[in-house]
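So you can see what is in the structure, the chains are spelled out below.
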Amino acid sequence: MNLKEGVHVIYDLLLFIGMTVIYFTEAALLMLIPRRYRAKSIAGEIALVTGGAGGIGRLIAIKLAKLGAQVIIWDIDQQGLVEVAEEIKKTGGTCHTYCCDIANKEEVYRTAKATKIEVGNVSLLVNNAGYVCGKTLMELPDREIVRTFQVNILSHYWITKSFLRDMMKNNHGHIVTMASVAGLVGNYNCTDYSATKFAAVGYHESLFAELKVHGYDKIHMTLVCPYLTNTGMFDGVKSRLMPTLEPEYVAEEVVAGILANEMMIVLPNIMMYLLLFKCLVPAKMCWAVIYHIFKEPQAMMMFRGRQSRKVTNNGRTDLFLHTHKYDRSTSL
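All values derive from a computational prediction rather than experimental measurement. Per chain, residue numbering runs from 1 following the sequence as it is written. Per-residue local features of the predicted model are confined to residues with pLDDT of at least 70, and side-chain atom pairs are confined, for both listing and counting, to 80 or more; whole-chain, interface and lining totals are unaffected and use all residues. For the side-chain quantities, the full set of heavy atoms in the structure was used; hydrogens and water were omitted.

1. With respect to helix H6 (residues 191-213)
Next, step 1: Under the DSSP-based scheme used, a helix requires at least four consecutive residues in state H or I and a strand at least two consecutive residues in state E, with every element numbered from the N terminus. By this rule, a helix spans an expected 1.5 Å times one less than how many residues it contains. For H6, built from 23 residues, the straight-helix expectation of 33 Å at 1.5 Å per residue is met to within 8% by its first-to-last C-alpha distance of 33 Å.
Next, step 2: What H6 keeps buried is the set Asp 192, Tyr 193, Ser 194, Thr 196, Lys 197, Ala 200, Val 201, Tyr 203, His 204, Leu 207 and Leu 211.
Next, step 3: Against the buried residues of H6 lie helix H5 (142-170), strand E5 (173-178) and strand E6 (219-226).
Next, step 4: Just past H6, the residue Gly 215 takes up positive phi, approximately 85°. Exposed residues in this analysis have more than 50% of their type's maximum accessible area, buried residues have under 20%, and partly exposed residues fall in between, with area computed by a 1.4 Å probe over protein chains only. Every residue pair with non-hydrogen atoms within 4.5 Å of one another is taken to be in contact.

Written out as structure tokens, the structure is:
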């Protein structure tokens, strides 16, 4: 190592130590300051929530509207769209709804174009809609695997690309990725779902790095990883680890995290230690502990499952349309 390289190594080391001190101090101070004193205003922001006709998405949309945001909801449930729009308008909020199958890239781009023309540029994007089948790998129909990837991760690309350019132009915006604890630790009966949630975490972190490297420091990003949530999406799932979360609690935490520009929300917070445990202990020990916590894997992650979807003449899927409760916020 020559002198120049040695100087660079020392510089990088000192920089790392300095940043460690600064950010640990900042994190400690923020923990002492209640969120309500750190909350930003979102009044006047145009907020898009996918899968917002029911479940956690519906609650997030309602809460954002109450805070003064102009809310847009995309969903495939037409009746649900009407109901949530009426609920928001009754409280004096503003809501625009679009029936959109986000698994269809062309439909996403068409709906995004209509949204920008009819409402305006989205500055707060909540990629919330999710899909799950819940079977072992050999039982999973190929079409269900494809559908899970289309809804849970590929749609994030099409939707975010549709609105990110305007955020970059103004160096202003906020992107929320609803991932899952299943995106941090793999689960039984989740080879499709967990894979998409791991992908969502990687996508989110990579996009965050891209924006920061290119100087878009006013575009905030929040990654949300909830545990099992009682939305109907995971009916039949039993976990002995801890009780399922309630949608109201998850939605409240998501909105509070948005207002405080929090980078990552894991619900409940204790689940963060699961990730730490997974990274620090030997792999065999990690999975042995998980096995003993869930001695019967079927009791840990047994979904009700679904029948095969039937394609209609108009290209949509009958069963998918009337089982919309599976296309709600992800929470596992």
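Don't stop here, the text continues.
2. Structural notes on the pairing of strand E1 (residues 46-50)
Residues in a regular strand project their side chains so that they alternate between the two faces of the sheet.
Next, step 1: Of all five residues making up E1, five are buried, and the element is well covered by its neighbours.
Next, step 2: Here E1 shows a buried face lined by Ile 46, Leu 48 and Thr 50 and a second buried face lined by Ala 47 and Val 49.
Next, step 3: Strands pair, by our definition, only if DSSP identifies at least two bridges between them. Of the strand pairs in this sheet, E1 and strand E2 (residues 70-75) are connected by five bridges, and their pairing is parallel. Along E2, the bridge assignment pairs Ala 47 with Val 71.
Next, step 4: Bridging between E1 and strand E4 (residues 124-127) involves three bridges; their strand directions are parallel. Looking at the pairing, Ala 47 lines up with Leu 124 of E4.

3. Remarks on unusual backbone geometry
Next, step 1: The omega torsion of the bond from Leu 267 to Pro 268 falls at -10°, within 30 degrees of zero and hence cis.
Next, step 2: For Pro 268, the position within the fold is in the loop between strand E7 (264-267) and helix H8 (271-280).
Next, step 3: One non-glycine residue with positive phi stands out, namely Asn 171, at about 45°.
Next, step 4: Secondary-structure assignment places Asn 171 in the loop between H5 and E5.
Next, step 5: For Asn 261, which is not glycine, the phi torsion reads 55° and is therefore positive.
Next, step 6: If you trace the backbone, Asn 261 turns up in the loop between helix H7 (247-259) and E7.

4. Description of the packing of aromatic side chains
Next, step 1: Put simply, two rings from Phe, Tyr or Trp (the six-membered ring, in Trp's case) pair if the centres are within 6.5 Å, and we call them stacked under 30 degrees between planes, edge-to-face over 60, tilted for the rest. Inspection of every chain in the model, using the stated rule, returns three aromatic pairs.
Next, step 2: An angle of 55° between the planes, with centres 6.0 Å apart, marks the rings of Trp 74 and Phe 163 as tilted. Of this pair, Trp 74 sits in strand E2 while Phe 163 sits in helix H5, and the two are 89 residues apart along the sequence. Each member of the pair, Trp 74 as well as Phe 163, is classed as buried.
Next, step 3: An angle of 50° between the planes, with centres 6.5 Å apart, marks the rings of Tyr 157 and Trp 158 as tilted.
Next, step 4: Given the relative accessible area of 36%, Tyr 157 is considered partly exposed.
Next, step 5: Three or more aromatic residues joined by ring pairs form one cluster here, namely Tyr 157, Trp 158 and Tyr 203.
Next, step 6: Working rule: Lys NZ or Arg CZ, within 6 Å of ring centre, within 35 degrees of ring normal, means a charge sits over the ring. The residue whose ring lies beneath Lys 105 is Trp 158, and the NZ or CZ to ring-centre distance is 5.1 Å.

5. Brief notes about the sheet that holds E7
Next, step 1: The seven strands are arranged E3-E2-E1-E4-E5-E6-E7 in an open sheet whose pairing can be described as parallel. Where the open sheet ends on each side, the last strands, each with one partner, are strand E3 (94-99) and E7. Going from strand to strand, the sheet's axes swing by 15° on average, the running direction of each strand aside.
Next, step 2: Across four bridges, E4 lies against E5 in parallel orientation. Bridging across to E5, Asn 127 finds its partner in Thr 177.
Next, step 3: Seen against the sheet, H6 touches E5 and E6 and runs at an angle of roughly 160° to E6. Axis angles are defined between N-to-C directions and span 0 to 180 degrees, where every axis is a line fitted to C-alpha atoms and, for a helix, only to the segment in contact.

6. A few points about H5
Next, step 1: Compared with the 42 Å implied by 1.5 Å per residue over 29 residues, the 41 Å span of H5 between its first and last C-alpha is a close match.
Next, step 2: Along its length, H5 reaches its greatest deviation from straightness, about 50°, at Leu 154.
Next, step 3: Of the residues trailing H5, Asn 171 is marked for its positive phi of about 45°. Note that bend, as reported per residue, equals the angle between axes fitted to the 7 residues terminating at that residue and the 7 residues originating from it.

7. Quick look at the packing of helix H4 (residues 105-118) against H5
Next, step 1: Contact pair H4 / H5: the axes reach a minimum separation of 8 Å and the direction vectors enclose 30°. Taken together, the axis directions place H4 and H5 in an arrangement best described as roughly parallel. Judged by the sense of rotation from one axis to the other, the crossing of H4 with H5 is right-handed. Contacts between H4 and H5 involve Lys 105, Val 108, Tyr 109, Ala 112, Thr 115 and Lys 116 from the first element and Trp 158, Ile 159, Lys 161, Ser 162, Phe 163 and Asp 166 from the second.
Next, step 2: All amino acids are sorted into three groups, where Ala, Val, Leu, Ile, Met, Phe, Trp, Tyr, Cys and Pro are nonpolar, Asp, Glu, Lys and Arg are charged, and the leftover types, Gly among them, are polar. The residue makeup of the contact of H4 with H5, split by class, is six nonpolar, two polar and four charged. Every angle not falling under 35 degrees, over 145, or within 65 to 115 is termed oblique; those three ranges are roughly parallel, roughly antiparallel and roughly perpendicular. Working rule for handedness: look at the near helix, and if it is turned counterclockwise from the far one by less than a right angle, call the crossing left-handed; if clockwise, right-handed.

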